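Okay, here's what each chain looks like letter by letter:
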Amino acid sequence: MHFVTAKGILSSKNAMNLYRGCSHGCIYCDSRSRCYHMDHAFEDIEVKENAVELLENALQHKRKKCMISTGSMTDPYIPLEMEIGNVRKALHLIDEYGFGFTVITKSDRILRDIDLLQKINEKTKCVVQMTLTTCDEDLCRSIEPNVSTTGKRFEVLKQMRDAGIPTIVWMTPILPFINDTESNISGILDMCIEADVYGIICYGMGLTLREGNREYFYKQLDRLFPQLKEKYIRTYGNQYMVTSPDHDRLMTLFYEKCSRNGIIHNNEQLFSYLHTFEEKNCSRQMTLFDFTSDDSPYG
């Protein structure tokens, strides 16, 4: 862990990263790619020591209310968050200033903040996005070693459902020759159906590999699945988009099962939903002054 003083906190699309780097150890993580110019070891978490102050200043000067998002580059609910608490501090500000909120995570640590997520959702919109890649707990522990297992994430989705907080699942990446099976896709979808998720974001059955994350991914394949790296190299070479041989069949299953169960699965529609700020009207008790002489309840 190391601290830096940041110049800003919100991107042009109102996204923020309170931390940079991650300790979850997912073998496929795209955030390791060199194109993101992370100048420190990935597991050496960068903490923006002035993030909360920057966020409050940004919210104070926003001309219009909007959705604030986090989690696209670094999971905000890494273990360090329980010590530093920047996410919870940010949620207090987002609630205080009346903004909406959405977060992407793989951790059940988010349950610590369900009280604030509910408060935000009562006034505007709060959407919890959860990544699910496999319904096999043992496989999950291998490919996502330092994060909540799928079962724990499933419990989060159900608790959010019960709290009235909408959820979206990221069913990505699907790793060729590892979790690209009908039983796995169907199992994930069954969880989504039971948890009554609003939608599922899926970019197809595959993953992306580029300089930085490709080397790490192949190193982990050598450790976990001997000889599989060679199969990847023979099949895909240095392709950026690595697509499962069963892509079409699995996508047909995905489309049919989502449609049958009323789960939104159009990515463009889901991103529009995530970016749209909604202010909920607070009902108030009517008084005699709300009525005209023509509609008075007393005639």
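Residue indices follow the written sequence of each chain, beginning from 1 at its first position. Local features are withheld for residues below a pLDDT of 70 in this predicted model, meaning they are given only at 70 or higher, and side-chain atom pairs are given and counted only at 80 or more; totals for whole chains, interfaces and linings count all residues. The side-chain numbers reported here are obtained from all heavy atoms of the structure, hydrogens and water having been left aside.

K.L.:
Help me get a handle on the overall build of the chain, residues and values and all.
P.N.:
Per the secondary structure count, the chain includes 11 helices and 11 strands. Along the first, second and third principal axes, the C-alpha set of the chain runs to 85 × 50 × 30 Å. Buried residues in the chain amount to 52% of all 299 residues. Here, residues are in contact when the closest pair of their heavy atoms is within 4.5 Å. Of the contacts formed within the chain by residues at least 6 apart in sequence, a portion of 81% connects residues at least 24 apart. As presented, the chain carries roughly 14700 Å² of accessible surface, and 49% of it is formed by carbon and sulfur atoms. The centroid of the 35 positive side-chain charges in the chain is displaced by 4 Å from the centroid of its 41 negative side-chain charges. Segments assigned H or I by DSSP are reported as helices when at least four residues long, segments assigned E as strands when at least two residues long, and all are numbered from the N terminus. Burial classes: relative accessible area under 20% of the type maximum marks a residue as buried, over 50% as exposed, and values in between as partly exposed (1.4 Å probe, protein chains only). Here the accessible surface of atoms and residues is derived via Shrake-Rupley with a 1.4 Å probe, and residues count as covered only by protein chains that are part of the display. Asp and Glu count as negative and Lys and Arg as positive, but His and the ends of the chain are not part of the count. By convention, the charge on Lys lies at NZ, on Arg at CZ, on Asp at CG and on Glu at CD.

K.L.:
Just give me the short version of the side chain of T150, but keep the residues and values in it.
P.N.:
Mapped onto the fold, T150 is located in helix α6 (residues 150-162). What T150 contacts, discounting residues up to four positions off in sequence, is L132, T134, C135, E137, C140 and M191.

K.L.:
Go over helix α3 (residues 86-96), please, and point to the residues and values.
P.N.:
Residues of α3 that are buried: N86, V87, A90, L91, L93, I94 and D95. Following α3 by one or two positions, G98 has its phi on the positive side, about 75°.

K.L.:
An account of the sheet that holds strand β4 (residues 46-48) is requested, with residue identities and associated values reported.
P.N.:
A pair of strands counts as paired when DSSP detects no fewer than two bridges linking them. Ordered by their spatial adjacency, 3 strands build an open sheet running β1-β4-β3, and the pairing between neighbours is mixed. Two strands in the sheet have a free side with no partner beyond their single neighbour: β1 (2-4) and β3 (19-20). Looking at chain direction, β3 and β4 are connected through 2 bridges and run antiparallel. Counted as the bridge partner of R20 is E46 from β4.

K.L.:
Talk me through the nonpolar core; I want residue IDs and the actual numbers.
P.N.:
The biggest cluster of nonpolar side chains holds 64 residues, and the ones touching the most others in it are M16, F101, L117, M171, I200, M205 and F254. At the level of elements, α1 (51-60), α3, β6 (100-105), α4 (114-123), β7 (126-131), α6, α7 (182-194) and α10 (247-260) are the ones that each hand at least two residues to this core. M205 has contacts with M171, I174, I185, V242, T243, S244, H247, L250, M251 and F254, leaving out every residue within four places of it along the chain. Nine residue types can take part in a nonpolar core, namely buried Ala, Val, Leu, Ile, Met, Phe, Trp, Tyr and Cys, and a core is a set of them joined through side-chain atoms within 4.5 Å. Of all hydrophobic cores here, the second largest spans 16 residues; its members include I27, I143, Y236 and V242.

K.L.:
Break down the layout of surface pockets for me, with residues and values.
P.N.:
Using only the protein atoms, space was sampled on a 1 Å grid; points where a 1.4 Å probe fits but cannot get out form cavities, open sets with protein on both sides within 12 Å along at least five of seven lines form pockets, and lining residues are those with an atom within 4 Å of a point. Grid points are joined across faces, edges and corners, and a volume is the space filled by probe spheres set on the points. Counted as a void, the largest pocket has a volume near 1400 Å³. G71, S72, M73, I104 and W170 are, among the 48 residues lining the largest pocket, the residues nearest its centre. Each residue gets one label: Ala, Val, Leu, Ile, Met, Phe, Trp, Tyr, Cys and Pro are nonpolar, Asp, Glu, Lys and Arg are charged, and the others, such as Gly, are polar. For the lining of the largest pocket, the class distribution of residues is 21 nonpolar, 19 polar and 8 charged.

K.L.:
Talk me through the pattern of salt bridges; I want residue IDs and the actual numbers.
P.N.:
Throughout this description, the term salt bridge denotes a Lys or Arg side-chain nitrogen within 4 Å of a carboxyl oxygen of Asp or Glu. Going through the model one piece at a time under the given rule, you end up with 18 salt bridges. When the shortest N-O distance is used, the salt bridge between R161 and D162 registers 2.9 Å. For D162, a relative accessible area of 59% corresponds to the exposed category. Among the ionic pairs, R249 bridges to E182, the shortest N-O distance being 2.8 Å. Here R249, found in helix α10, pairs with E182, found in helix α7; they are 67 residues apart in sequence, far enough to count as distant. According to the relative accessible area criterion, R249 is partly exposed, its value standing at 42%. When its relative accessible area of 44% is taken as the criterion, E182 is described as partly exposed. Through salt bridges that share partners, E81, R88, R112, D113 and D115 make up one connected network.

K.L.:
Tell me about the packing of α7 against α10, and please be specific about residues and values.
P.N.:
Relative to each other, α7 and α10 sit at 20°, their axes nearing to 10 Å. One way to sum up the angle between α7 and α10 is to call them roughly parallel. Where α7 crosses over α10, the handedness of that crossing is right-handed. Note on element contacts: α10 touches α7 through R249, L250, L253, F254, K257 and C258, opposite E182, I185, S186, L189, D190 and I193. A class-by-class count of the residues in the contact of α7 with α10 yields 7 nonpolar, 1 polar and 4 charged. Axes, fitted as lines to C-alpha atoms, cover a helix only where it is in contact. Angles between the N-to-C directions of the axes lie from 0 to 180 degrees. The labels follow the angle: roughly parallel below 35 degrees, roughly antiparallel above 145, roughly perpendicular from 65 to 115, and oblique for the rest. Crossings are classed by handedness, with left-handed meaning an anticlockwise turn of the near helix from the far one by less than a right angle and right-handed meaning a clockwise turn.

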